[in-house]
Structure formats: structure tokens, C-alpha cells
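# Summary of structural features
In case you want the letters, here they are:
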Amino acid sequence: PQPREIGAGALLWGPGLGGTWPRTCLVGPDWPCAVVTISLIVGISAAWIVYVAETAGALFAAVGVLSTLLTLLCFCKTAFSDPGIQAKQPVLVVDESSANIVCPHCNVYR
């Protein structure tokens, strides 16, 4: 299936807005930065595991692998989840009673 465009981003998989990764994968226009960040996390961690942890012992290697996986999990959960941005609503008629609960910039009820 083709990615569905949502604003400046794209929904790669999942039910739509409101979901979190890994059930939903929503990438924004800055997805190349996410690719670079993942590459840096994996590259630097792999170099540390191979060159440092290998000489220090199996415990250091296990801690290195675990911390790398945890870092990748947290990054992906943050980078590929729906940020919860509300779409701008159509212009509403605002009366005196609702003036305090409607945002004047985006017309979203607070």
C-alpha cells in the first residue's frame, strides 16, 4: 500500500491519526534527519560494542546491546508516533459565552 499523506507528513502504516509507534508509523517532512539519527545511534553503539565492550567483557557487551536497543526503541516511539497536532478548524461563530474556550488562531475548542 502507498503511504497516505497527512499534512506535510506521511502515514506509512497503521489505523491513522492518534496512534503510537509501532502500531502506527507517521513520518514527517524531517524523516531524513531520523534516518541519520538512527544511523548514528547504531554506528556509534556498534563501534563501542566491538572495540570497547569486547575487550572489557561480556557484561559490557550485553549492557551495550541493551542500551542501544532501548535508545532505538525510545527514539522510534518519539519520532514515528502521531504528535497530536490538531488540524485548523473552519471559522466558527464566537459569541460571548464561548470566547474563552475557542482559540482565536486555530478555532479549536480548548
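Starting from 1, residues in each chain are numbered consecutively following that chain's sequence as written. This being a predicted model, a pLDDT of at least 70 is required before a residue's local features are given, and a value of 80 or more before pairs of side-chain atoms are given or counted; all residues contribute to the totals for chains, interfaces and linings. Only heavy atoms go into the side-chain values, all of them from the structure, while hydrogens and water stay out.

This part is about the overall build of the chain. Regarding its fold elements, the chain presents 2 helices and 3 strands. Going residue by residue from the N terminus, the α and β elements of the chain occur as β-β-β-α-α. Categorising residues by exposure relies on relative accessible area from a 1.4 Å probe, with only protein chains included: less than 20% of the type maximum marks a residue as buried, more than 50% marks it as exposed, and the intermediate range marks it as partly exposed. Across the 110 residues that make up the chain, the buried fraction comes to 25%. In this description, contact between two residues means that some pair of their heavy atoms is separated by no more than 4.5 Å. Long-range contacts, defined here as pairs at least 24 residues apart, represent 34% of the contacts in the chain between residues at least 6 apart. Computed with a 1.4 Å probe, the accessible areas rest on the Shrake-Rupley method; for each residue, only the protein chains presented here act as cover. Summed over all atoms, the accessible surface of the chain reaches about 8100 Å², with 68% contributed by carbon and sulfur. Think of it this way: any DSSP run of H or I at least four residues long counts as a helix, any run of E at least two long counts as a strand, and we number them from the N terminus.

What follows covers the nonpolar core. In summary, soluble globular proteins display a tendency toward joint burial of nonpolar side chains. Only buried Ala, Val, Leu, Ile, Met, Phe, Trp, Tyr and Cys residues count toward a nonpolar core, and they belong to the same one when joined by side-chain atoms within 4.5 Å. Ala10, Trp21, Cys25, Val27, Ala34, Cys76 and Phe80 together form the largest nonpolar core, which totals 7 residues. With sequence-adjacent residues up to four places away left out, Ala10 is seen in contact with Pro3, Arg4, Glu5, Cys25, Leu26 and Val27.

Moving on, we get to the environment of Leu73. Structurally, the position occupied by Leu73 is in helix H2 (residues 58-79). Accessibility expressed as a relative area gives 45% for Leu73, which makes it partly exposed. In this structure, the C-alpha to C-alpha distance between Leu73 and Pro22, residues 51 residues apart in sequence, is 9.4 Å.

Taking strand neighbours across the sheet as the criterion, the 3 strands line up as E1-E2-E3 in an open arrangement whose pairing is antiparallel. Looking at the sheet topology across the chains shown, the edges are occupied by strand E1 (4-6) and strand E3 (25-27). Each strand axis lies, on average, 30° off the axis of its neighbour in the sheet, ignoring direction. Following DSSP output, two strands are said to pair if at least two bridges run between them. In the sheet, strand E2 (residues 9-13) pairs with E3 via 3 bridges, with the strands oriented antiparallel. Residue pairing across strands places Leu11 opposite Leu26, the latter belonging to E3. Every axis in this analysis is a line fitted to C-alpha atoms, fitted for helices over the stretch in contact. Angles between the N-to-C directions lie between 0 and 180 degrees.

Attention now goes to the pairing of E2. Relative to E2, E1 runs antiparallel, the two sharing 3 bridges. Residue pairing for E2: Glu5 is matched across the bridge by Ala10.

Quick look at the packing of helix H1 (residues 31-56) against H2 now. As a packed pair, H1 and H2 sit with axes 8 Å apart at the nearest point and diverge in direction by 170°. Taken together, the axes of H1 and H2 lie roughly antiparallel to each other. Counting all contacts with H1, which are made through Ala34, Thr37, Ile38, Ile41, Val42, Ser45, Trp48, Ile49, Ala53 and Ala56, the residues of H2 involved are Phe60, Ala61, Gly64, Val65, Thr68, Thr71, Leu72, Phe75 and Cys76. Think of it as three bins: nonpolar holds Ala, Val, Leu, Ile, Met, Phe, Trp, Tyr, Cys and Pro, charged holds Asp, Glu, Lys and Arg, and polar takes everything else, Gly as well. Classifying every residue of the contact of H1 with H2 gives 14 nonpolar, 5 polar and no charged. We call two directions roughly parallel when the angle between them is under 35 degrees, roughly antiparallel when it is over 145, roughly perpendicular when it lies between 65 and 115, and oblique otherwise.

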